[in-house]
Amino acid sequence: QVQRVQSGGGWVQAGGARRLSCAASGRTFRSLAMGWFRQAPGKEREFVGGIRSGGGTNYADFAKGRFTISRENAKNTDYLQMNSLNPEDTAVYFCAAAFGYLSSNYDPALYNYWGQGTQVTVSS
């Protein structure tokens, strides 16, 4: 069992930056594929980006060039660095994890372990 605890949400002005963190319990962190998702009011949960156990990353189109996902295995933590935020980025952000290689890592149904979600609000 893997537990994920998120931190770093809050309010930010448009054009600003925010870093979200997601810590995982257990000694199997290196084997986990990580994903980040977000859900705005009235909308479905959408893929933000992911990082595989080997460190490879991929991103949704809206995140490319603005968001960066990284992982720090020694701290059992992965991060979502968000830059150039705009009001359309306002949402609850979730981290997720799963064991193994996820070829379709944009599919939330493939993830077994989720963080509690953290609100990010971007004001204009």
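Look up a bit, the structure's there.
For the structure given in this document, a descriptive report is provided here. Given the structure is predicted, the values throughout are model-derived calculations rather than measurements.

Next up on the list: the packing of aromatic side chains. Under the definition given, this model contains seven aromatic pairs. Taking 6.2 Å as the distance between ring centres and 85 degrees as the angle between the ring planes, the aromatic pair formed by Phe62 and Phe67 counts as edge-to-face. Ring geometry for Tyr111 and Trp114: centres 6.2 Å apart, planes at 65 degrees, overall edge-to-face. Exposure remark for Tyr111: the relative accessible area of 5% places this residue in the buried category. An aromatic cluster is defined as three or more aromatic residues linked by ring pairs; in this entry it consists of Phe37, Phe47, Phe94, Tyr111 and Trp114. Sitting over the ring of Phe94, Arg45 keeps its end group 3.8 Å from the ring centre.

Under the defined criterion, the tally for this structure stands at six salt bridges. In this structure, Asp78 engages Arg4 in a salt bridge whose closest nitrogen and oxygen atoms are separated by 2.2 Å. Separated by 74 residues along the polypeptide, Asp78 in strand E8 (residues 77–82) and Arg4 in strand E1 (residues 4–7) bring together distant segments of the chain. Neither Asp78 nor Arg4 differs from the other in exposure class; each is buried. For Glu72, the salt bridge goes to Lys75, with nearest N and O atoms at 3.9 Å. Given a relative accessible area of 30%, Glu72 falls into the partly exposed group. Under the relative-accessibility criterion, Lys75 is labelled exposed at 54%. What you see here is one network of salt bridges that share partners, running through Arg38, Glu46, Arg66 and Asp89.

Attention now moves to the nonpolar core. Counting 26 residues, the largest nonpolar core has Leu20, Trp36, Val48, Phe67, Leu80, Met82 and Tyr93 as the members making the most contacts within it. The set of elements that each furnish at least two residues to this core consists of strand E3 (18–24), strand E4 (32–39), strand E5 (46–51), strand E7 (67–72), E8, strand E9 (91–99) and strand E11 (118–123). Ranked by the residues each element gives to this core, the list is headed by E9, at four residues. Leave out the neighbours within four places in its chain, and Leu20 touches Ser7, Gly8, Gly9, Trp36, Asp78, Tyr79, Leu80, Met82, Tyr93, Thr118 and Val120. In terms of nonpolar packing, the next biggest core, distinct from the first, is built from eight residues, Phe37, Phe47, Ala60 and Ala98 among them.

Calculation rules
The residue count restarts for each chain, going from 1 along the sequence in the order it is written. Totals for whole chains, interfaces and linings use all residues, but because this is a predicted model, local features are given only for residues with pLDDT of at least 70 and pairs of side-chain atoms are given and counted only at 80 or more. Processing note: side-chain calculations cover all non-hydrogen atoms of the structure and skip hydrogens and water entirely. Side-chain rings of Phe, Tyr and Trp (the six-membered ring for Trp) are treated as a pair once their centres are within 6.5 Å; stacked means planes under 30 degrees apart, edge-to-face means over 60, and tilted covers the remaining angles. Buried, partly exposed and exposed residues are distinguished by accessible area as a fraction of the type maximum, computed with a 1.4 Å probe on protein chains only: under 20%, between the cut-offs, and over 50%, respectively. We call a charge positioned above a ring when the Lys NZ or Arg CZ atom is no farther than 6 Å from the ring centre and deviates by at most 35 degrees from the ring normal. Salt bridge, as applied in this entry: a Lys or Arg side-chain nitrogen positioned within 4 Å of an Asp or Glu carboxyl oxygen. Strands are runs of DSSP state E lasting at least 2 residues, helices are runs of H or I lasting at least 4, and numbering of each runs from the N terminus. In this description, a nonpolar core means a group of buried Ala, Val, Leu, Ile, Met, Phe, Trp, Tyr and Cys residues linked to one another through side-chain atoms lying within 4.5 Å. Contact definition: two residues touch when any of their heavy atoms are within 4.5 Å.

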